[in-house]
Amino acid sequence: MTYVAKPKVHHPLLPLNDLGLTRRDYEGSVSTLCAGCGHDSVSAAIVAACAELSLPPHRFAKVSGIGCSSKTPSYFLNRSHGFNSVHGRMPSVATGANLANRELYCIGISGDGDTASIGLGQFAHIVRRRINMLYVVDNNGTYGLTKGQFSATNDKGSTSKKGAPNLYSPIDLVSMALQIGASFVARSFSGDKRQLVPLIKAGLMHRGFAFIDVISPCVAFNNHTGSTKSYEHVRAHSESVMMADYFLPQQEITADYAPGTMEDVRMPDGSVLRLRKIDGAYDPHDPVAALAHVQEHQAAGEVVTGLLYVDPDASDCHEVLDSVNRPLNSLDEADLCPGNEALAQINAAWR
Amino acid sequence: MEFFVRGGEFLADSPAVGRVAARMKPTNILDPNYFHKVVDCQWACPAHTPVPEYIRLISQERYTEAYMLNWDSNVFPGILGRTCDRPCEPACRRVRTEEKPVAICRLKRVAADNKGDIGAYLPRVPEKKNGKRVALLGAGPASLAVARDLLPFGYEVHLFEKESAGGGFMRSQIPAFRLPVEVLDEEVEIILNMGVECHFDHEVASMKAMLDEGFDAYFIGTGAPRGRDLELPGRQEVDQHISIGIDWLSSVAFGHTTEITGKVIVMGGGNTAMDCCRTAQRLGAESVSVVVRSAFEVMKASEWEKEDAMGEGIPIINNRPPKEFVHENGRLKGIVFECVKPVQGSDGRLRYEPSGEPDVFMECDHVLMAIGQENHCPWIERDIGIEFDKWDCPVLDEQTLQSSNPKVFFGGDSAFGPENIIWASAHAHKAAISIHLLCQGKDLRKDRPPEGVNLISQKMGMHEWSYDSEHDPSKRYLVPHADKKLSLSNIKMEVELGFDRELGAQEAQRCLNCDVQTVFTDRLCIECDACVDICPMDCISFTENVDETELRQRLMAPASNLEQDLYVSDELGTGRVMVKDEDVCVHCGLCAERCPTNAWDMQKSVVHIPQLGSYAE
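The shown structure was predicted, so the numbers you read here are calculated from the model rather than taken from an experiment.

**Quick look at the overall build of chain B**
Tallying secondary structure elements over chain B gives 22 helices and 25 strands in all. Relative to the globule expectation of 25 Å for 617 residues, the C-alpha radius of gyration of chain B, 27 Å, shows essentially globular dimensions. Its C-alpha atoms put chain B at 85 × 70 × 50 Å along the principal axes. The proportion of buried residues among the 617 residues of chain B is 58%. Counting only contacts in chain B whose residues sit at least 6 apart along the sequence, the fraction spanning at least 24 positions is 72%.

As structure tokens, then:
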């Protein structure tokens, strides 16, 4: 960690976005995580994504649980709302926040401990409930904050820093999310912002539950040769199914790729998710095939990355519940108390 | 909108795949010039003064050491701290990262004003001489600096000067309200007291006769003593109302001229013109105006000299070439000026066209002509083997400053025409090395001491650096001036009061420590991106290696300043390279703070600029 704050001075050519803000305006306080932590790269990717989308920082709700990952909301979007909740209970708080104010962009940050161990039940249910949010897991396969015990996502046979092997099979959060019905499922790597930033943008703008499992190496406890979540191992064993580029509705689509390998996914808001398939046969709209693909590669010791599944027309919790269209804080007495006549009608309906 | 997240592109995306041959080579940081160039101020300084190092010493209140570090490089810190042309300041990185440069020159003065006894730091001069005699002609900054370099090596140094005191144009042309005589005397005396054989009031009339005296080497530092004149209709008739600027200033400096009356026009746009107009104002002129042929922006005078003159209420009138002197019965009535306007030519240079306005007549009683000066050595016979070119400048080897007579060297303004004091010091160091090599019977080119660089880690602990790494966003501090009423009535009263210790300490904090370098060790890097994420200036990128033109475009922030180098690493694990754009790095050290493997380290680069003293190291 460092305690020297990042100076305010910035590159003289740093561009302004549509709101007149620079990328630096989306940063948070200086990170207190270990130097080289992958989580800081994830925070930097979120900063870049939000700045590029020109989203107003004060319209964000950042929620997290406990752990190194869950500290990171302090390190981005320091002008937004935040709630650092109880261990494994971020989904409950996120659900409440989203139900109360459907107009906020909701980002949940969790870790492999917070989501795959203590919070596994909460995770399953927020996926199932289709809360409209971006759920990011900073997945490093270790309990870094308690000095390097294996976490539930650590691969069997992978070793600790001192060489002891992990005896249990891992929980694969991507497979779980696919199975339970997430409408946007991706996996990426903190060391590859070119892949990660567009995925965060698309996930933020996706209506419904968007899940990104980010492999984010722990330099202090899980970046050694026996680890399957080290910078070196992930770089050597990741198989990207596609690269994604996200374009806002008004944005000119600039990326130009060979036909046949490309697919434009139209989002309901008019934005475009352009997928450039590296594996030509891969279909990102078939959750069953996606699950099989992920698991086959996992069995072969490979990590599939990229946008694995997306349903652009998915519905979210508010649609399912047919809830009120406005944030609860904007409902006044007239909305909440429709008057005696309405009460009489309701009572009459039960007579 | 591009938001600088382009670092980390994959090779497959690049149209440059296959252009292997054009890839950039890893930077050789052991080349003394590489990091020297990053220290923009030091690189721009002709004498290569280690600016950030002395500014740090000032922060530590070690004024004497700061002074001596300057004295080593530029010989006249107190004088230069007031009068330098400051090539370092426009070069300062702050100009690129924010706006105004660090007040380097004024900090130099802080060191000089607050220094203690420097006696113990001065080089010792051997009592037993080495048997070689060197003649220095002219007692200006160039000759004095040569003397300083040669004396510790046992040379017998003879200084010949036509005036009664040393200092050359620093004494004769720089007015006392910019450079107090005590400051000048002190720094001249330091050198004379090292054992120079002074021959003052001794005008050398013949170089041939000098050569016959059999010195082992001669150094000519007689400056550019001839002020230019202007041949215009009426010039001859009003001769007694026209003075050549530098001659007039000299006559003021030596007390021969003590007043000037009536309306004065100063013609010219350089620092001499600024000194003339401010001096004239102090000597009692009824009114003073500066009239310049060219546009305000291209005037040769330093920005601050113009500001000071205007601050004293002197108008500067531009785009007015003179046409004729108007006179009546031998009395100057005034000058007629043409009106022109500057037009940008296709080559980017300004041309002047008639503006269409009618000619202007300006009344005046006296004209000070400050339109330039030139070399003038009529006392050097042209048949004694010292060649001159068509501009009447000596033909010199630029590296050794040797003339076509192997025993004769030139430096300062007499070498390549008018420059300033800092160039004189730089020439002097070169010439002293050459004279030493000549006297030792060595090769003047091959046997020169080499340049070098040392890199020293500044890491003191987990998050401790031996320099103040934090970026200070303060704006440039203003220097206090003497009360205008008082200073305008006393020609000896120094106008700029200089920073006091406190202001000096504050301004010193603005220095970005550009000599504390970001040094990258590729084999340690795990490509975690921590440095990329933390860098406040978006200087660092990890990308595939391509040719420089394309590489400059694909970094986190485009590297559009072609004068600043890219620092390129060897190939890393992923096949990419680290590329750092040196342009706007603020040397905050956060890359090194954030690096988990110490692949980045902050190391001070100490550049060794050859001086005769290098032989003693």
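And the narrative resumes.
**Looking at helix 7 (residues 193-205) of chain A**
Residues and elements named next belong to chain A. The end-to-end C-alpha separation of helix 7 is 18 Å, in line with the 18 Å expected for 13 residues at 1.5 Å each. Within helix 7, twelve of the 13 residues are buried, which leaves it mostly tucked inside the rest of the structure. Every buried residue belonging to helix 7 is among K193, Q195, L196, V197, P198, L199, I200, K201, A202, G203, L204 and M205, and all of these are buried.

**What to know about the packing of helix 3 (residues 51-59) of chain B against helix 8 (residues 104-114) of chain B**
All names here are of chain B. At a closest axis distance of 10 Å, the pairing of helix 3 and helix 8 adopts a crossing angle of 50°. Considering their axes alone, helix 3 and helix 8 lie oblique with respect to each other. Like other packed secondary-structure pairs, helix 3 and helix 8 cross with a definite hand, here left-handed. Contacts between helix 3 and helix 8 pair V51, Y54, I55 and I58 from the former with I104, L107, K108, V110 and A111 from the latter. Across the contact of helix 3 with helix 8, the residue classes break down as eight nonpolar, no polar and one charged.

**Considerations on the domain arrangement of chain B**
Residues and elements named next belong to chain B. The assigned domain composition of chain B is domain 1 (123-224 + 375-439) and domain 2 (227-372). Taken over C-alpha atoms, the centre of domain 1 sits 32 Å from the centre of domain 2. Each partner contributes to the interface: domain 1 provides nine residues, whereas domain 2 provides ten residues. Summed over both sides, the interface of domain 1 with domain 2 buries roughly 900 Å², with 58% coming from carbon and sulfur. Among the residues domain 1 hides against domain 2, the three largest losses belong to Q173, F177 and R178. Together they make up 56% of the total. D275 is the salt-bridge partner of R178, the closest N and O atoms lying 2.7 Å from each other. Joining domain 1 to domain 2, the criterion identifies three residue pairs in polar contact (both at pLDDT 80 or more). Its residues assigned to classes, the side of domain 1 that touches domain 2 shows four nonpolar, two polar and three charged.

**Focus: helix 11 (residues 181-192) of chain B**
All names here are of chain B. Here helix 11 is twelve residues long and its end C-alpha atoms lie 16 Å apart, about the 16 Å a rise of 1.5 Å per residue gives. Buried within helix 11 we find V183, L184, E187, V188, I190, I191 and L192. In this fold, the buried residues of helix 11 make contact with helix 4 (63-74), helix 5 (77-83), helix 9 (141-150), strand 2 (156-160), helix 10 (169-172) and strand 3 (197-199).

**Concerning the packing of aromatic side chains**
Two descriptors summarise a pair of aromatic rings, namely the distance from one centre to the other and the angle between the planes of the rings. Summed over all chains, the structure comprises 14 aromatic pairs over all chains. Centroid distance F123 of chain A to F211 of chain A: 5.2 Å. Interplanar angle 55°. Geometry classified as tilted. Placement of the pair is F123 of chain A in helix 5 (residues 120-129) and F211 of chain A in strand 8 (residues 209-215), with a sequence separation of 88 residues. Residue class for F211 of chain A comes out buried when judged on its relative accessible area of 0%. Three or more aromatic residues joined by ring pairs make a cluster, and in this case those are F123, Y135, F209 and F211 of chain A. We note R133 of chain B situated over the ring of F215 of chain B; from NZ or CZ to the ring centre the distance is 4.2 Å. The residue whose ring lies beneath K306 of chain B is F296 of chain B, and the NZ or CZ to ring-centre distance is 4.2 Å.

**Overview of the interface of chain A and chain B**
Of the residues lining the interface, 43 residues belong to chain A; the matching set on chain B comes to 40 residues. Carbon and sulfur atoms supply 59% of the area buried between chain A and chain B, which totals about 3,400 Å² over both sides. At the boundary of chain A and chain B, one finds four salt bridges. For the side of chain A that touches chain B, the secondary-structure elements that each account for two or more residues are helix 1 (38-52), helix 7 and helix 8 (231-237) of chain A. Among the elements that take part in the side of chain A that touches chain B, helix 1 of chain A stands out by supplying six residues, more than any other. For the side of chain A that touches chain B, the per-class residue count stands at 21 nonpolar, twelve polar and ten charged.

**Considering the sheet that holds strand 24 (residues 577-581) of chain B**
All names here are of chain B. Taken in spatial order, the three strands of this open sheet run 22-24-23, and their pairing is antiparallel. Either end of the sheet is taken by a strand with one partner, and the two such strands are strand 22 (540-543) and strand 23 (566-568). Looking at each pair of strands side by side, their axes are set apart by 25° on average, direction ignored. Of the strand pairs in this sheet, strand 23 and strand 24 are connected by three bridges, and their pairing is antiparallel. Bridge pairing links L566 to D581 in strand 24.

Reading the values: the criteria
- Counting restarts for each chain, with residues numbered from 1 along the sequence as it is written.
- Note on labels: chains are lettered from A, ligands numbered from 1, in written order.
- Residues qualify for local features only when their pLDDT is at least 70, as the model is predicted, and side-chain atom pairs are given and counted only at 80 or more; totals for whole chains, interfaces and linings, by contrast, use all residues.
- Remark: hydrogens and water are excluded; side-chain values derive from all non-hydrogen atoms of the structure.
- Under the scheme used here, helices are H or I runs from DSSP no shorter than 4 residues and strands are E runs no shorter than 2 residues, and both carry numbers assigned from the N terminus.
- Using C-alpha atoms as the atom set, the radius of gyration is obtained and then compared with a globule rule of 2.2 Å times the number of residues to the power 0.38.
- Partly exposed describes any residue whose relative accessible area lies between the buried limit of under 20% and the exposed limit of over 50%, with all areas from a 1.4 Å probe on protein chains only and scaled to the type maximum.
- Only heavy atoms enter the contact rule, under which two residues are in contact if any of them lie within 4.5 Å.
- Multiplying one less than the number of residues by 1.5 Å gives the expected span of a helix.
- Note on definitions: angles span 0 to 180 degrees between N-to-C directions of axes, and those axes are lines fitted to C-alpha atoms, for helices only across the stretch in contact.
- Working definition: roughly parallel below 35 degrees, roughly antiparallel above 145 degrees, roughly perpendicular at 65 to 115 degrees, and oblique for all remaining angles.
- Left-handed describes a crossing whose near helix is turned anticlockwise from the far helix by less than a right angle; the clockwise case is right-handed.
- Three residue categories are used. Nonpolar comprises Ala, Val, Leu, Ile, Met, Phe, Trp, Tyr, Cys and Pro, charged comprises Asp, Glu, Lys and Arg, and polar comprises the others, including Gly.
- All domain edges in this entry derive from an automatic or database-based domain assignment.
- Two parts placed together each lose some accessible area under a 1.4 Å probe, and the buried area is that loss summed for both.
- Within this document, salt bridges are pairs made up of a side-chain nitrogen of Lys or Arg and a carboxyl oxygen of Asp or Glu, the two lying within 4 Å of each other.
- Here a polar contact means two N or O atoms within 3.5 Å. Within protein one must be a hydrogen donor candidate and the other an acceptor candidate, and residues neighboring in sequence count only if both atoms are side-chain atoms.
- Put simply, two rings from Phe, Tyr or Trp (the six-membered ring, in Trp's case) pair if the centres are within 6.5 Å, and we call them stacked under 30 degrees between planes, edge-to-face over 60, tilted for the rest.
- By definition here, charges over rings are those cases where NZ of Lys or CZ of Arg is within 6 Å of the ring centre and within 35 degrees of the ring normal.
- Being paired, for any two strands, means DSSP has found at least two bridges between them.

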